[in-house]
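Commentary on secondary and tertiary structure
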Amino acid sequence: EAGVTQFPSHSVIEKGQTVTLRCDPISGHDNLYWYRRVMGKEIKFLLHFVKESKQDESGMPNNRFLAERTGGTYSTLKVQPAELEDSGVYFCASSQASGVQETQYFGPGTRLLVL
Amino acid sequence: AQSVAQPEDQVNVAEGNPLTVKCTYSVSGNPYLFWYVQYPNRGLQFLLKYITGDNLVKGSYGFEAEFNKSQTSFHLKKPSALVSDSALYFCAVRGRSGYSTLTFGKGTMLLVSP
């Protein structure tokens, strides 16, 4: 069974440009999460989808970030316009169950560098 | 609010020696606790989790973790370290109510020398 995949693996853009990150969860996983790790700091929650609905987007830093999950399959996270402080590693995770048995499985991450 | 502290940025251990990576947490009520590992240029891999029951949890690659409620700790351990265990280790907590968001620590780099 394929794991969580993310594309691209790396992205280098200039301040003010737009970048779109993609996450394909494990097949059949209704829960999809986005997290971000800024260099040397904690991995921080951004948002959570259940199928195509946003369950919790309390971690989204500002309105330059837009996440979608049309059809409840893959998700995209767009940053427009990108700022220097957006640099970091963006992780996607998915899970099948909720509650006690839930385990989130993570993708390899997208390393974003904004110059 | 929930939080996780990993007090050591780096842990150095010789191959064959036991290792411990420390984690303490703060959460309302009883926690769900997790350890993840990130190998160089790889994503986060799930190692083990504590839900309920035995305080000693066994996971992948010979790792185990001990839940201590009174000390609010969930230290990761392995009896005999391997050079291939060198990686970045993250502890995470999730509360039992509300959203299922994971709160992570800053991570601890484990370096195992030959």
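Anyway, here's the lowdown on the structure attached to this text. (Residues numbered from 1 in each chain as written. Chains lettered and ligands numbered in written order. Predicted model: local features only at pLDDT ≥ 70, side-chain atom pairs only at ≥ 80, totals over all residues. Heavy atoms only, no water.)

What about the overall build of chain B?
- What chain B contains, in helices and strands, is zero helices and 12 strands.
- The C-alpha atoms of chain B give a radius of gyration of 14 Å, which matches the 13 Å a tight globule of 114 residues would have.
- Summarising its shape, the C-alpha atoms of chain B cover approximately 45 × 30 × 20 Å along the three principal directions.
- Here chain B displays about 5300 Å² of accessible surface, and carbon together with sulfur accounts for 49% of that area.
- If the 10 positive side-chain charges of chain B are averaged to one point and the 7 negative ones to another, these points end up 9 Å apart. (Helix = DSSP H or I, 4+ residues; strand = E, 2+ residues; numbered from the N terminus. Rg over C-alpha atoms; globule rule 2.2 N^0.38 Å. Areas by Shrake-Rupley, 256 points an atom, 1.4 Å probe, with all protein chains shown as cover. Lys, Arg positive; Asp, Glu negative; His and termini not counted. Charge placed at Lys NZ, Arg CZ, Asp CG, Glu CD.)

Focus on the packing of aromatic side chains
All names here are of chain A.
- In this structure the tally under the stated criterion is 17 aromatic pairs over all chains.
- Relative to Phe-106, the ring of Tyr-35 has its centre 5.4 Å away and its plane inclined at 45 degrees; by these criteria the two rings are tilted. Highlighted residues: Tyr-35 in strand β4 (residues 31–37) and Phe-106 in strand β10 (residues 105–106), separated in sequence by 71 residues.
- Residue class for Tyr-35 comes out buried when judged on its relative accessible area of 0%.
- A residue is classified by how much of its surface remains accessible, and Phe-106, at 9% relative accessible area, is buried.
- The side chain of Arg-22 reaches across the aromatic face of Tyr-74, ending 3.7 Å from its centre. (Phe/Tyr/Trp six-rings, centres within 6.5 Å; stacked < 30°, edge-to-face > 60°. Buried < 20%, exposed > 50% of the residue type's maximum accessible area, 1.4 Å probe, protein only. Lys NZ or Arg CZ within 6 Å of the ring centre and 35° of its normal.)

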